[in-house]
Amino acid sequence: RRVTSSKGSSRGRGLFEKRRKGSMALALLPQAAFAACSNYSDSGVDHFNDPLFGDDGLSPASLGVVTVLCWIITSLAVSAGIGGGGLLVPLYFIGLDVPQTLAVALSKGTIFGVACGNFAFLWSQRHPHVDRPLIDYKTAVFMQGGELMGVVLGVLFNLLLPQVVIIMLSALVLGFNAYKTIKKGIAKRAAETKAFAAETKAFAAPEKKAARPAGAGEGDAPPPTLRQAVALEAEGKEGGDGSTGDGASEAGTSNVGSSANLVALDVRGNEALKKKILAAQARRFQPWAWALLGPMVTFFVVYSLLLGEIFDPDFTNCVVGYWPAYVSPFFFYGATTLYMARRNIAEGARMLEAGIEPVAGDIVWSRKSAGMLVPAAVGAGAAAGLLGIGGGMILGPIFVALDFQPQVGTATTGFMILFTAMGGTVKYLTIGKLSWQMFLWFAAVGAVGGQTGQRLPRGGLPKTGG
């Protein structure tokens, strides 16, 4: 029988409301747990004007300790060719007791300062073996487009993924790369030790001195390197066909066979092309590189300001043109990456035509090598935006695996981090996830660390053959 009294009716409604609220709470429990451990709990907070000092600022004691540790970390990281974000994020998260999103953004700003101080030192440095800048601009500009594409994805995932996932990914990336780098370093040191011992033994024998090519005087050239010594020894085993003079050696004909047709090439045309290419490569300021980097950086800044609602506060994801604008970097940077791939491959062919052999540690550009480096660049950028690292933690082991010359690899990653970190910093500033006061403070500390770190390996690398 249905209860029709007012008392029974109110009791029934109360029981229904209680059950309904309990069901809603149970249904919302996973969402509440997700929000508690994700960055959505901090999504509505604007950190742009958070103070550095004062009652609402950071503790002076913790700020002092973290500042010193930040300088030490950035100094050591730069000497290894990375930004140090894998250590800076937990330092800020624990030492300053700030939200994880702010710690990532602050790490990105610090790395930008590191990269600025780094570049102030690197731009004037020269390659240790040939007359050209220490920075490999061909590799840097090619991979920069992929990195900036990755930064867009990384920042998005940083806002969506739970904090625990980001922390686990950071630990995983840091541990894996440390393992691979240490393993490769041990193997490389063993190989270098063996090679140096063999070189010393080979050139200590008196009869080796008589086997030098005719016309090579005592003061004409510095002592040959190990690779040159191996090439000379292999040349001697082939029987010595008399084509080992200075011109043929420089043109790189000692390793391409003994065909008479190769000897009959137009040497004057090759020499003219060779001088032109080497003169262009020797310039400290590479106009073509900056002509590409300028539009790439400008595009990313305008893109970040547009999506950060700086130009138009009403330009949100409900506007029709929002999502086409959001994915526009993938088309723009994809086009620049494709152009650079074709340019690098064409220049490699021109160098071979001119008789210029790749220097030990250079990338030999082909469709295969370009295709392998694109995912690495996008992955490095995504990791940089997601985890607050500079990207060198990803690129460094890749360059080591490719047998990149150590100083060139360090300089090139440092140069690339400058633009990757700048993109991430601008992105975080425009969406209100980075305090401008904290950014300026730790960017300055990072710049000092960058200068310090560049001077640490100066004496160590020559001793190890780097």
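Every value quoted in this text rests on a predicted model; they were computed, and no experiment measured them.

Mean pLDDT over the chain: 74, with 71% of residues reaching 70 or higher. Confidence, read as mean pLDDT per element, is least for helix α10 (residues 260-263) in the chain (38) and greatest for helix α13 (residues 322-353) (91). Across residues 215-227, where pLDDT falls below 50, the model places 12 contacts with residues more than four positions away in sequence or in other chains. Every residue in residues 237-269 scores below 50 in pLDDT, and together they form 19 contacts with partners more than four places removed in sequence or on other chains.

Here the focus is the side chain of T67. Along the chain, the position of T67 falls in helix α2 (residues 60-79). A distance of 2.6 Å separates a polar atom in the side chain of T67 from the backbone oxygen of L63. A polar atom in the side chain of T67 sits 3.1 Å from the side chain of W441. Discounting chain neighbours no more than four positions away, the residues touching T67 are W441, F442 and V445.

Before going further, it helps to examine the nonpolar core. Within the largest apolar cluster, 84 residues are counted, with the highest numbers of intra-cluster contacts made by Y92, L96, F142, M143 and F442. Counting residues per element, this core draws most heavily on helix α16 (residues 406-430), at 11 residues. When residues no more than four places from it in sequence are discounted, the contact partners of F442 are L63, V66, T67, C70, Y92, L96, L106 and T110. One finds L273, M351, A354 and I356 within the second-largest nonpolar core, a separate group that totals 5 residues.

This structure, assessed with the given rule, holds 21 aromatic pairs. Each ring, one from F299 and one from F332, has its centre 4.4 Å from the other, and the planes form 10 degrees; the classification is stacked. Placement of F299 in helix α12 (residues 287-307) and of F332 in helix α13 is noted, with a sequence separation of 33 residues between them. The partly exposed category is assigned to F299, whose relative accessible area is 23%. Judged by relative accessible area, F332 falls into the partly exposed class, the value being 29%. Here F415 and F419 contribute two aromatic rings whose centre-to-centre distance is 5.2 Å and whose plane-to-plane angle is 75 degrees, an arrangement assigned as edge-to-face. On the criterion of helical spacing, the pair formed by F415 and F419 is a turn pair, its members being 4 residues apart in helix α16. Judged by its relative accessible area of 6%, F419 falls in the buried class. Ring-pair connections join several aromatic residues into one group, and the members of that group are F299, F300, Y303, F315, Y322, W323, Y326, F332 and Y333. Here the basic side chain of R284 rests over the ring of W123, its NZ or CZ set 5.1 Å away from the ring centre. The lysine or arginine in question, R343, covers the ring of W288, its NZ or CZ lying 3.8 Å from the ring centre.

How each quantity is defined
- Residues numbered from 1 in each chain as written.
- Predicted model: local features only at pLDDT ≥ 70, side-chain atom pairs only at ≥ 80, totals over all residues.
- Heavy atoms only, no water.
- pLDDT = per-residue confidence, 0-100.
- Helix = DSSP H or I, 4+ residues; strand = E, 2+ residues; numbered from the N terminus.
- Contact = heavy atoms within 4.5 Å.
- Polar contact = N/O pair within 3.5 Å; in protein donor to acceptor, adjacent residues only side chain to side chain.
- Core = buried A, V, L, I, M, F, W, Y, C linked by side-chain atoms within 4.5 Å.
- Buried < 20%, exposed > 50% of the residue type's maximum accessible area, 1.4 Å probe, protein only.
- Phe/Tyr/Trp six-rings, centres within 6.5 Å; stacked < 30°, edge-to-face > 60°.
- Lys NZ or Arg CZ within 6 Å of the ring centre and 35° of its normal.

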